[in-house]
Each structure stands twice: as C-alpha cells, then as structure tokens.
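Results of the structural survey
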Amino acid sequence: MKITQLQISALLISLTVINHVTCDVYLHNPRGSNDRLDESSANRNNANRLFDSQNNNRGGYNVGDATDKAAGNDKTKQYNMKYFQSDGSGGESLLSVEWTNQHGCGGNEDTDPHKMNCNLVLQYMCQDSSLPVSKDTTRDGTSTETQKFNQAKKLNENEGQATTRKNNAVVDNRGLQETWEWYDACYMRERNKGLFTADQKLQSDNGLGVSSAIYTRQNPNGNRYGYECPEERDHYPYWHPTPWKDIAVLAENASMCSSYQKKSYNIQPYHQCVEYYTPGGKRKHWSKYNNEKECTDNGGKWVLLHNYLEKVSKGKAACEKTAGLFWGVPYDAEDVTKAQCLVALPTPECKEAPWSRSNHLGNGRDGAANTYSWKLPYFPSNKEYNCVFRMRYNISTDDYDPYNTDSKHNEDVVKMVQSPVEQNPYVEIGAGHTPLRLAINTAQFGRTFQDRSHLFKLRPRPANLKGKRILNLNVRGKRGNIVQVYPAVEYDFVPNELTMTENDAVHIQWTGSNTHNNGNPAGDGQAGDAGEGTGGTDRSNIVQIPTQNDNFPIPFEHTDMWTNAEVLWTSTDVKLPMAAKDLALQMVSAGYYKCEKKSSKCPTDSVDSKKTMQNQLNNAPASFEGAVLKFKKGTYYYMCSRNNNFTNRSQKGKIVVQ
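Each chain carries its own residue numbering, running from 1 in the written order of its sequence. Local features in this predicted model are restricted to residues whose pLDDT is 70 or higher, and side-chain atom pairs enter the listing and the counts only when it is 80 or higher, whereas totals over whole chains, interfaces and linings include all residues. Computation of side-chain values: all heavy atoms of the structure, hydrogens and water removed.

**Observations concerning the overall build of the chain**
The way it works is that DSSP assigns letters per residue, a run of H or I at least four long becomes a helix, a run of E at least two long becomes a strand, and they are numbered from the N terminus. Secondary structure assignment for the chain yields nine helices and 28 strands. Taking 2.2 N^0.38 as the reference for a compact globule, 658 residues should give roughly 26 Å; the C-alpha atoms of the chain span a radius of gyration of 26 Å, in line with that estimate. Considered along the principal axes of its C-alpha atoms, the chain spans approximately 85 × 70 × 45 Å. In what follows, residue pairs with any heavy atoms lying within 4.5 Å of each other are defined as contacts. Residue pairs at least 24 apart in sequence account for 74% of intrachain contacts in the chain once pairs closer than 6 positions are excluded. Counted as positive: Lys and Arg. Counted as negative: Asp and Glu. His and the chain ends are not counted at all. Charged side chains are reduced to one point each, which is NZ for Lys, CZ for Arg, CG for Asp and CD for Glu. Each charge class in the chain was averaged separately, 77 positive and 74 negative side chains, and the resulting centres sit 5 Å apart. C-alpha atoms define the radius of gyration, and 2.2 Å times the number of residues to the power 0.38 defines the globule rule.

**A word on the pairing of strand E26 (residues 624-631)**
Strand residues, when the strand is regular, have side chains that alternate between the two faces of the sheet. Accessible area is worked out with a 1.4 Å probe on protein chains only. A residue is then buried under 20% of its type maximum, exposed over 50%, and partly exposed in between. Summarising burial for E26: eight of the eight residues are buried, a large majority. With four bridges connecting them, strand E23 (residues 505-510) and E26 associate as antiparallel partners. Pairing of His-507 across the sheet is with Val-628, part of E26. When DSSP finds two or more bridges between two strands, those strands count as paired. Inspection of the sheet shows strand E25 (residues 565-570) paired to E26 by five bridges, in the antiparallel sense. By the bridge assignment, Glu-566 is partnered in E26 with Lys-630.

**Focus on the pattern of salt bridges**
Salt bridge, as applied in this entry: a Lys or Arg side-chain nitrogen positioned within 4 Å of an Asp or Glu carboxyl oxygen. Inspection of every chain in the model, using the stated rule, returns 31 salt bridges. The salt bridge partner of Arg-390 is Glu-232, with a shortest N-O separation of 2.6 Å. Note that Arg-390 is positioned in strand E15 (residues 385-396) and Glu-232 in helix H4 (residues 230-234), a separation of 158 residues in sequence. Residues Asp-529 and Arg-479 are paired through a salt bridge, measuring 3.5 Å at the closest nitrogen-oxygen approach. With Asp-529 in the loop between E23 and strand E24 (543-545) and Arg-479 in the loop between strand E20 (470-476) and helix H8 (482-485), this residue pair connects regions lying 50 residues apart in the sequence. Residue classification places Arg-479 among the buried residues on the basis of a relative accessible area of 3%.

**Quick notes on the sheet that holds strand E12 (residues 340-343)**
An order of E10-E12-E11 is seen for the three strands of this open sheet, with the pairing classed as antiparallel. Each end of this open sheet is capped by a strand with a single partner; those strands are strand E10 (311-312) and strand E11 (325-328). Sheet topology note: the E10/E12 ladder contains two bridges and is antiparallel. Bridge assignment links Val-312 to a residue of E12, and that residue is Cys-341.

**Side note on the state of the cysteines**
In a disulfide, the sulfur atoms of two cysteines are covalently bonded to one another. Two cysteine sulfurs form a disulfide in these notes if their separation is within 2.5 Å. Within the structure shown, the criterion is met by seven disulfides. Disulfide pairing places Cys-319 opposite Cys-341 at an S-S distance of 2.3 Å. Taking the sign of the torsion about the S-S bond as the criterion, the disulfide between Cys-319 and Cys-341, at about 90 degrees, is right-handed. Note that Cys-319 is positioned in helix H7 (residues 316-321) and Cys-341 in strand E12, a separation of 22 residues in sequence.

**Examining the sheet that holds E24**
As summarised here, the arrangement of the four strands in space is E22-E28-E27-E24, forming an open sheet in which the pairing is mixed. A single partner strand is all that each edge strand has here, and the edge strands are strand E22 (497-500) and E24. Along the sheet, successive strands turn relative to each other by an average axial angle of 30 degrees, direction set aside. As paired elements, E22 and strand E28 (residues 652-657) share four bridges and run parallel to each other. Paired with Thr-499 across the two strands is Val-656, which belongs to E28. Helix axes use the C-alpha atoms of the stretch in contact, all axes being lines fitted to C-alpha atoms, and the angles between their N-to-C directions lie in the range 0 to 180 degrees.

**Some words on the pairing of E20**
Judged by how many residues are buried, E20 sits mostly within the fold: seven of seven residues are covered. Taking every second residue as pointing to the same face, both faces of E20 are buried, with Ile-470, Asn-472, Asn-474 and Arg-476 on one and Leu-471, Leu-473 and Val-475 on the other. Where E20 meets E23, four bridges bridge the pair, whose relative direction is parallel. Directly across from Asn-472, in E23, lies its bridge partner His-507. Examined bridge by bridge, E20 and strand E21 (residues 492-494) share three bridges and lie antiparallel to one another.

**Some words on the packing of helix H2 (residues 159-167) against helix H3 (residues 180-188)**
The packing of two helices is summarised by the inter-axis angle and the distance between the axes. H3 packs onto H2 with a crossing angle of 120 degrees between their chain directions and a minimal axis gap of 11 Å. Regarding the angle of H2 to H3, the classification is oblique. H3 is crossed by H2, and the crossing has right-handed handedness. Residues Ala-162, Arg-165 and Lys-166 of H2 form the contact with H3, whose participating residues are Trp-180, Glu-181 and Asp-184. Across the contact of H2 with H3, the residue classes break down as two nonpolar, no polar and four charged. The labels follow the angle: roughly parallel below 35 degrees, roughly antiparallel above 145, roughly perpendicular from 65 to 115, and oblique for the rest. Handedness of each helix crossing follows the sense of rotation of the near helix against the far helix: counterclockwise by less than a right angle gives left-handed, clockwise gives right-handed. For this classification, the nonpolar set comprises Ala, Val, Leu, Ile, Met, Phe, Trp, Tyr, Cys and Pro, the charged set comprises Asp, Glu, Lys and Arg, and every other residue, Gly included, is treated as polar.

**Description of unusual backbone geometry**
Between Asn-29 and the following residue, Pro-30, the backbone shows a cis peptide bond with an omega angle of -10 degrees. Of note, the amide linkage connecting Leu-576 to Pro-577 takes the cis form, showing an omega dihedral of 0 degrees. Looking at the element boundaries, Pro-577 is found in the loop between E25 and helix H9 (580-588). Although it is not a glycine, Asn-34 sits at a positive phi angle of roughly 50 degrees. Within the fold, Asn-34 resides in the loop between strand E1 (25-29) and strand E2 (64-65). A positive phi angle, near 60 degrees, is found at Asp-605, a position not held by glycine. Within the secondary structure, Asp-605 sits in the loop between H9 and E26. Taking the relative accessible area as the measure of exposure, Asp-605 reaches 24% and is therefore partly exposed.

**Overview of the confidence of the model for the chain**
Every residue gets a pLDDT, meaning the predictor's confidence in that residue, from 0 to 100. Residues at a pLDDT of 70 or more form 96% of the chain, whose mean pLDDT is 93. Of the regions scoring below 50 in pLDDT, residues 1-22 engages in 100 contacts with residues more than four places distant in sequence or in other chains.

**Some remarks on the environment of Pro-346**
Residue placement: Pro-346 occurs in the loop between E12 and strand E13 (349-352). Residue classification places Pro-346 among the exposed residues on the basis of a relative accessible area of 55%. Taking the C-alpha atoms as reference, Pro-346 lies 9.4 Å from Tyr-308; in sequence the two are 38 residues apart. Aside from chain neighbours lying at most four places away, what touches Pro-346 is Asn-266 and Ile-267.

What follows is the structure in structure tokens.
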C-alpha cells in the first residue's frame, strides 16, 4: 500500500542522530520504566522487555513496592499508583506529566531556532480491572524476561493452531501491555511499502513470504520488543486501528495541529482487512493484506473500525441521541457486521512543544521542568481501569523533506535512484582526494524515542468528590545522587509549586522502590545509592516548614497546614472527619501510623499500639496511597524530612491556596 501525501505529512518525524546516542526521553511522573522492573543495578536487565525505547540502558524507575520490603515474585506486594478519574459533572482530575528529552524541542523557528524538528505524542491504553485474569491481562510482571513468541508455520493456519501458539507463548509472570494478538497481527501483515526507508535494506520475508510490518527503517532486522508493533511505534498517526488513545500532540509548530487532530484515531476511524478462519466462523485477529484491493481480491472485508473509550449497552436510537456516544464497529469487535454503542474519545489537545535545550537532558525555560497537565478520562460505567501511559519523542532534520519524501526516494541501484541521505557518506569539500566522512546512520536519521509508565489505576470517585477539581500531588525521582541516578532524577514533589482554590481538592500520593541500589553493572555512569536510611530504599513523607529556605520542620503545635486541611477521602480505615494530628501523623510517617490513639475510629496502626517507627522511615512503606484534602486560603511550605539533604537533595514543595 502506498500512503498518500496527506498521510505522509502526518507521519511521526524523527531526527538525525549519530550512532552513539546515550539517552533520549524519560518520564519522571508518572514514573517511566524505560523497560525496568525491579533491578538493583543501575542498568536495566532487558531492553526488550515491553517496548522499544531507543534509550540508554540506564534510566527509568522500578515498579513501586507496597511495603517496606521488596515485592520480589509476589505481584500483590507491588504498588500501582491510583488516580481518581475526572467525572461527568465537570470535575477534572489533573495529573502533571513530567519528562526530560535530550535532543531539544520547541522554540520559534525564526527567533529561537533549534537544531532539529520535533514533536511529542502522549497516549494511554486501559483495561477494565474487573475482567477475569487471563493471558491478555495488563501487568507489570515479576520477571524481567520478555514474553515469548512462536511464529505461524503457515499463512492458512486454523483457529486451534493460533490458540496453541498463543498459549505456548504468553507467560503469567512476565510483563504485558499490548496483547499477543496485536504483535502477531503486525508480524503477519504486509508492511507499508510507501514509506521512506532511505538506503536501509528491509527484510522481504518473515518466513511466510511476507515483508512484515515488524520491519521498519528504524528496525530493519525486525527485532521484537515485548508485543509492540514496530511500524505502529515508528509512525503517527497510524493508518490502521490501534489500541492506544491519544491525549495530546506537542507539535513542531501550531500549523501542524489541524492535521494531527483530524488524523488522530480518537477522531478518524481507520480500515482493516478482516478475514475468517472458516466461512461464517470466527474472525481472525490478523490479515496479510494492508489495502482494500488486495484485501477484497482475496476474499477479505475492508472494514472501517473505530477507537473508543468504553462500550455502552444501548440500542442504536438511544445511543445516537445521547451526547458523547456514537454508533460504530469497535476495533476489537469479534463480529464486524454488528455496530455497538461506544463512548467517544475527545479530540487530542495539540499545541507547540515546550522549549528544551539541545543535548541537555534537563529542564526547560527558566529552569522549570517540562510538564503537561493531563485531564484524566471519565469512564461513564463507573468502573476501575488498569492503564499504562506512553510518550513518544520524534525528531528529524531538514536534510530531506519529512512530509513529502516517500518510497519513490528510496535508494534503488537498478533504477538509478539515490536516497537523499545515505549511511556514513563521504562528502567532497574541494580538497582533492581527502573527502570527509559524515556520521550518519540512516536507520536513525529521523528517529522515534519512547518511554512508558508502569501500570496505574484510574478509579471512579466516591460521592463526596463528585464535581470537584482534583489536583494530583506526587513524588518523582529515586535514590542516589545526581550522577548515580542519571539520566533519571533525584527526589522532588510533582508539581513542586501547586496553585489551587479553596474549592479544589488535592490527592497526595507517592510510590517508591526498595531495590533502587543503582549497583553494577552501572553502564556509562556511576554506581551507588547515596542517601539516608537503608540502602536502595525510596522513602518520602511530608512535614511543614516555615519557608522554602528553611530545613527544620515546624512542630505540630505551631503548624497550620494540617489544621487548615479537611480530609475528603483517606486510603486508611480511619473514619472521617479526621483529626488534624492524625492527618499529620499519616503524612509524616508515610502511612506507617494512621492515628495517635487506638479507638473505634482508628482500630489499627496507632502510635500507642504499633512498633515504633524508625526515625529515617526505614520500616515505613515505600508507597503511600495518601488522602484527598481541601485547604483553607494560605501558602504552605513543606519538605521530606529524610531526603532533604540541603546541598544534595532539596525535596521541598509549596501549595498556594487562593
């Protein structure tokens, strides 16, 4: 299939990068895994675990631990961050996404030019957490090994053979985001041969006579990363259905936004070739054909399939009369002849990317971290969902037109076509027989980087939080000094300056690991886990301080942060209303203590009934689900008592209530 010029103009642009790239895009909130799980080493164990990041082996954060001990092989002791959804009555739930990207982005091309073109694509994918556990269940896993894959032995395999291949591949203790069917369909489908591949020689046979969608310019050998589809990973918007939902595109410039938004799979449905194992039988999860003519010529149906948030049990007439719903065939339908009532996805936000400095994996303008405020989705079913988040960072140069260069420009010796960019070319500079060699890898000349979060939960709101704007206050970073954790970051609160009103609510919550030792192998960085308390452990808490210049907490008797707070919801079993001292004890002890004195309101984990908390929080849990609070008007400064090591780590925050 040859893509149109309009599709080419909407493809993910990527950058010229020399062969020895070190680090590229990292999520800090929500915590990006960079394919890590729970390693105690500075380097991740397996860069192929779930997805192709194209990043350095260092970086990323371990999956959270729920207690003061490493979860190990017990997935029930892992901690998943839990965020309240937005709601249908106008109550937003806002999550501050924070990241660093190395090669720069943003800026005005006329007055503040950068050294490359770029964009950032933010997406998520969710699964109903009430569904029975199966081989398709989204999970972080407890093993750092990659899920297995056994390719089909023939194109015309039957349903039983496909099921056997899946059952012999998917392993319960290994991480899973995209499903086995998603990768298998990618493996079996013909790649888009209208794309620009420069002088890269993509494989023409996956063993079944198909030049598959697993082969791309960035992945010419068809390497596998979890169950991610390489072609979908490398291009946006993708021209087939995908399970990912768009949140935002932070574009090279605002003029691109109309195209990105119109072509987003949130808004525009895309076709897929649908075939069946037997006439009238079950739908295959894959088809070899990627275009209408070949599909229909070979007995398939070229079907328009829709993306959606969730499904609703309504008939067509009632569905079409209800705002926010539409009638269509979902991308995952077993029977594509039957439309269903679907919750529509919003148009993704699009705006110019925030500025960041080239070759500097750090903050943006004025020293502030680059962030995006994500309005979390609202699921009308009132169900809880397990979700993952991904950010793709795409960079390219002006050495060729990224919007109008296609397969006609691929190097072809027979047709005497020369690619506009070539692998490590020699160029004449007018010095006779002394040409210069350029460091160009055409598999990376135009490049996509990526990071993804660990699994988190989006939960429905209790009744008393309906209609309220909820701001999420979290902790970023991990144990170690700036050299030991790089390209991750040290601890801080996210956002570390939060402005809200007296009518708003803030959900204070954090997670950490007990195995952030940053030990050997350390890669090209420094091993070690400088910090306080037990080695390798992340701990956070909150104590009030007079100003951000201070490092001694205010005694409870003189604080106003907790006396001016109303607890709207708590993760503990303490009955509301909660006393100010009990709230302060929860925040200072990271949930180790629930209250001061045991009572019918607080039956467990009181100060007077529990073993004494270690003064550096060593026996406190690494993660704390926290509480949702309202604050009275005022300015409140706070810090973490353990990690605020003055010159080394400044884990402090500020809340301004207007």
